[in-house]
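# Survey of secondary and tertiary structure
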Amino acid sequence: MKKTVLLASAIVLTAGFVSCGGKKADSTETATSNETVAETPKYTLMDLPTVDLSEFPKDADGWITLFDGKTFKGWRGYNREDVPSAWIIDDGAIHIKGSGEGEAGAKDGGDILFAHKFKNYEFEFEWKVAKGSNSGVLYMIQEVKDEHSYISAPEYQVLDNENHPDAKLGVDGNRQSASLYDMIPAKPQNAKAVGEWNKGKILSYKGTIVHYQNDEPVVEYHLWTKQWTDMLQASKFSQKDWPLAFELLNNCGGEKREGFIGFQDHGDDVWYRNIRIKITD
């Protein structure tokens, strides 16, 4: 089943919206005074299979193991029901095989997610990158037809800070590892060298989000606030530059304020392991 949604807000544009992928979105334009008014593009939410969290092991402290180190149980591709073949299990870790062709450039690549929506939680994982690699952990994901997962989801950046050019873009290091991508830099920046395992953690509680890197809190912000809207407006996801992303991110998690957690295929070799979550509802 698919659900088609028409976004409620209208935005003022001087031309049709063009996404970063170069595709012009559908819109309906009418002239008022000296302005052109365009409706925010329509989008379609997918309704794909989810899993029963009770089928996954939980320890005495409430931590639920989301990856057993051997199988993709509970995982699938974003906007699909299977796991893309570019993702493999490698020595107890989830490994995205680098395609060398950029984001989702592999023949059978794309982002993956754990097929259960989460709201309030602590999510822990370990990650490492090959030289020059880029990926990300996305959360509050909504599955939007024909779009990437980041159009609706904040991103915990995963990056080789020393060798990937994205580390020098953005503002004040806000595209380096553990940053809220393109919005808040991770400080202190304490990522380990290429090939070494880093420990990541994302805390989500009633709109408060904290990123941790190697056991230190490095980012804190608050969803569904003026601060959040202002950060979006100052980023690549602004209402002017990317209206669909702005609408989805500004209302992150939808009506239930919950979403999937997933890993990004950016065309590079990256590994994830020791993936677990504690629900704090």
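For the structure itself, consult the block above.
This report concerns the structure included in the present document.

The rules behind these values
Residues numbered from 1 in each chain as written. Predicted model: local features only at pLDDT ≥ 70, side-chain atom pairs only at ≥ 80, totals over all residues. Heavy atoms only, no water. Helix = DSSP H or I, 4+ residues; strand = E, 2+ residues; numbered from the N terminus. Buried < 20%, exposed > 50% of the residue type's maximum accessible area, 1.4 Å probe, protein only. Contact = heavy atoms within 4.5 Å. Areas by Shrake-Rupley, 256 points an atom, 1.4 Å probe, with all protein chains shown as cover. Pairing = 2+ DSSP bridges. Axes fitted to C-alpha atoms, helices over the stretch in contact; angles between N-to-C directions. Arc of directions from axis to C-beta. Parallel < 35°, antiparallel > 145°, perpendicular 65-115°, else oblique. Left-handed = near helix turned anticlockwise from the far one by under 90°. Nonpolar A, V, L, I, M, F, W, Y, C, P; charged D, E, K, R; others polar. Salt bridge = Lys/Arg side-chain N within 4 Å of Asp/Glu carboxyl O. Polar contact = N/O pair within 3.5 Å; in protein donor to acceptor, adjacent residues only side chain to side chain. Phe/Tyr/Trp six-rings, centres within 6.5 Å; stacked < 30°, edge-to-face > 60°. Lys NZ or Arg CZ within 6 Å of the ring centre and 35° of its normal.

Moving on to the overall build of the protein chain. Across its full length, the protein chain holds two helices and 18 strands. Across the 281 residues that make up the protein chain, the buried fraction comes to 52%. Looking at the protein chain alone, contacts between residues at least 24 apart form 68% of all its contacts between residues at least 6 apart. Looking at the protein chain as shown, the accessible area adds up to about 13100 Å², and 47% of this sits on carbon and sulfur atoms.

Another point: the sheet that holds strand 12 (residues 134–141). The five strands lie next to each other as 7-10-17-12-13, forming an open sheet whose pairing is antiparallel. The outermost strands of the open sheet, each flanked by one partner alone, are strand 7 (75–77) and strand 13 (155–159). Averaged over neighbouring strand pairs, the angle between their axes works out to 25° when direction is ignored. Of the pairings in the sheet, the one linking strand 7 to strand 10 (residues 112–118) comprises three bridges and is antiparallel in character. Bridge pairing in strand 10 places tryptophan 75 opposite phenylalanine 114.

Mapped onto the elements of the fold, asparagine 134 is located in strand 12. Here asparagine 134 falls in the buried class, since its relative accessible area comes to 1%.

Moving on: helix 1 (residues 226–233). Of the positions making up helix 1, those classed as buried are Trp228, Met231 and Leu232. Taken around the axis of helix 1, the buried residues stretch over an arc of 100°, which confines them to a single face.

Direction vectors running N to C along helix 1 and helix 2 (residues 243–250) enclose 160°, while the axes themselves pass 10 Å from each other. Taken together, helix 1 and helix 2 sit at an angle that is classed as roughly antiparallel. As for how helix 1 packs across helix 2, the hand of that crossing is right-handed. Taking contact as the criterion, the partners of Trp228, Thr229, Leu232 and Gln233 in helix 1 are, on helix 2, Phe246, Leu249 and Asn250. Its residues assigned to classes, the contact of helix 1 with helix 2 comprises four nonpolar, three polar and no charged.

Look at the link from lysine 187 to proline 188: it is a cis peptide, with omega at 0°. Secondary-structure assignment places proline 188 in the loop between strand 13 and strand 14 (198–205). At lysine 206, a position not held by glycine, the phi torsion is positive, near 50°. When its relative accessible area of 62% is taken as the criterion, lysine 206 is described as exposed.

We now examine the pattern of salt bridges. The final tally for this structure, using the stated rule, is twelve salt bridges. Across the pair arginine 80 and aspartate 82 runs a salt bridge whose closest N-O atoms are separated by 2.7 Å. By relative accessible area, which is 22% here, arginine 80 ends up partly exposed. By relative accessible area, which is 39% here, aspartate 82 ends up partly exposed.

Helix 2 sits mainly inside the fold: eight of its eight residues count as buried. All of the buried residues along helix 2 are Pro243, Leu244, Ala245, Phe246, Glu247, Leu248, Leu249 and Asn250.

Before going further, it helps to spend a moment on the environment of histidine 164. Structurally, histidine 164 can be placed in the loop between strand 13 and strand 14. Once the C-alpha coordinates of histidine 164 and glycine 132 are considered, the two residues, 32 residues apart in sequence, prove to be 4.6 Å apart. A distance of 3.0 Å separates the side chain of histidine 164 from the backbone nitrogen of aspartate 166, its partner in a polar contact.

When strand 6 (residues 63–65) meets strand 18 (residues 270–279), the two strands line up antiparallel, connected through three bridges. Following the sheet pairing, isoleucine 64 is matched in strand 18 by isoleucine 277. Across three bridges, strand 9 (residues 93–96) lies against strand 18 in antiparallel orientation. Note on strand 18: the bridge partner recorded for isoleucine 94 is tyrosine 272.

With that out of the way, let us pick up the packing of aromatic side chains. Counted under the stated rule, the structure contains eleven aromatic pairs. Ring geometry for phenylalanine 118 and tyrosine 121: centres 6.0 Å apart, planes at 65°, overall edge-to-face. Every member of this aromatic cluster is reached through a ring pair, and the members are Phe56, Trp75, Phe114, Phe118, Tyr121, Phe263 and Tyr272. The aromatic ring of tyrosine 212 is capped on one face by lysine 201, whose charged end is 4.9 Å from the ring centroid.

None of this, on its own, says anything about what the molecule does.
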